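As a plain string of letters, each chain reads:
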Amino acid sequence: MLMGASNWMFQTDLPDDIFSNSLRFEDGDNASLSKTLGTPTDPEKFTIAFWMKRGNLGIDGTIIDSGASGSNYGLIYMSSTNHLIANFVSGGSNTLVLKPSMQFRDTANWYHVMFIYDSSQATDTNRAYFIINGTRITSYASAIYPSQDTDSPHWNTATPHHIGNGAVSGVEDWDGYLADFYHIDGQALDETSFGRNVNGVFIPKNTSGLTFGNNGFKLEFKQTGTGTASASTIGADTSGNTHHFTSANLVASDVITDTPENNFCTWN
């Protein structure tokens with residue numbers, strides 16, 4: 001079992017106001033953020049990074065979902081066995097599967113999650129991998145790696161992208177919280193781009209120097225407007241690319257101040 005990043009209220013080297021809000025998803029609401037992206041900077045390389053705090057355990061929950069049909073999709077989700085899984089499917093066949101061996105059962109703290117895709121690498125284990133709380137994962141219960149120089153078939157392409165909802169894959173919806181959600185098109189970044197280790201705890205850092213590529217975006221959940229994508233709604237992109245997401249079945253009160261820097265108590 002991998003525990004989440006601890007609350008760092010007693011640390012002496014703290015980040016300064018990296019976060020203000022997170023976004024809460026209730027799996028029974030069919031809530032989602034959605035956006036169709038365009039032509040990528042590099043179809044062989046991208047980085048996804050976000051903070052998550054789990055709600056209900058023991059259920060499937062989609063974090064990201066992209067693609068065109070139930071036999072062609074890209075998916076990162078939490079399984080009913082509390083495993084984090086990345087699964088890319090083309091023509092009904094798995095082209096990528098990564099299932100870290102550890103389980104994610106902590107509902108009291110935040111996890112930092114990174115998923116890196118870089119099919120240009122000669123070594124298959126460098127073509128896709130997870131980094132959790134600043135540590136690269138090397139132990140996988142299941143692993144299928146993409147072939148070298150294979151374009152990402154769905155995520156980071158000109159297809160519909162969803163956060164919190166398995167609209168394409170059919171996997172159940174996310175239950176929990178997401179904060180500071182990044183997609184970096186054309187770069188395979190490491191954990192030092194998003195945080196640092198202080199006394200054994202991975203904490204966020206200022207990311208103002210990052211560049212995003214054609215399809216890149218950053219969702220900070222600073223706005224509370226709902227519905228059609230714009231700079232004043234929940235899915236506003238603050239990267240400068242204006243890849244704003246349309247929200248569905250989310251309300252203003254789902255934007256909350258429970259964040260990795262202001263971790264609310266959770267009933268166990």
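Remember, predicted model here, so these are calculated numbers, not experimental data.

Strands sit in the order 11-7-6-5-4-12-2-17 across an open sheet of 8 strands; the sheet is antiparallel. Of all strands in the sheet, those with a lone pairing partner are strand 11 (140-144) and strand 17 (246-248), marking the two edges. Pairs of neighbouring strands in the sheet enclose a mean axial angle of 15 degrees, with direction left out of account. Where strand 7 (residues 93-100) and strand 11 come together, 4 bridges link them in antiparallel fashion. Residue Leu98 lies in a different strand from strand 11, and its bridge partner there is Ala143.

Inspection of the secondary structure assignment puts His183 in strand 13 (residues 176-185). Judged by its relative accessible area of 0%, His183 is buried. A polar atom in the side chain of His183 sits 2.9 Å from the side chain of Asn156. Excluding anything up to four places from it in sequence, His183 contacts Leu37, Phe46, Thr47, Ile48, Trp155, Asn156, Phe212, Asn215, Gly216 and Phe217.

Glancing now at the pattern of salt bridges. Note that side chains of opposite charge can pair when their charged atoms are close. For the coordinates displayed, the defined rule picks out 4 salt bridges. Between Glu220 and Lys222 there is a salt bridge whose closest N-O contact spans 3.7 Å. Take Glu220: its relative accessible area is 12%, and that puts it in the buried class. Judged by its relative accessible area of 48%, Lys222 is partly exposed.

Here we come to the packing of aromatic side chains. For the coordinates displayed, the defined rule picks out 14 aromatic pairs. Here Phe46 and Tyr117 contribute two aromatic rings whose centre-to-centre distance is 5.3 Å and whose plane-to-plane angle is 5 degrees, an arrangement assigned as stacked. Here Tyr117 lies in strand 8 (residues 111-118) and Phe46 lies in strand 3 (residues 45-54), a separation of 71 residues in the sequence. For the pair formed by Phe46 and Tyr117, the shared burial category is buried. Put simply, the rings of Phe46, Phe88, Phe115, Tyr117 and Phe130 pair up and form one aromatic cluster. For the cation-ring pair, Arg136 lies above Tyr129, with the distance from its terminal atom to the ring centre recorded as 3.7 Å.

Procedures and definitions
- Residues numbered from 1 in each chain as written.
- Predicted model: local features only at pLDDT ≥ 70, side-chain atom pairs only at ≥ 80, totals over all residues.
- Heavy atoms only, no water.
- Pairing = 2+ DSSP bridges.
- Helix = DSSP H or I, 4+ residues; strand = E, 2+ residues; numbered from the N terminus.
- Axes fitted to C-alpha atoms, helices over the stretch in contact; angles between N-to-C directions.
- Buried < 20%, exposed > 50% of the residue type's maximum accessible area, 1.4 Å probe, protein only.
- Polar contact = N/O pair within 3.5 Å; in protein donor to acceptor, adjacent residues only side chain to side chain.
- Contact = heavy atoms within 4.5 Å.
- Salt bridge = Lys/Arg side-chain N within 4 Å of Asp/Glu carboxyl O.
- Phe/Tyr/Trp six-rings, centres within 6.5 Å; stacked < 30°, edge-to-face > 60°.
- Lys NZ or Arg CZ within 6 Å of the ring centre and 35° of its normal.

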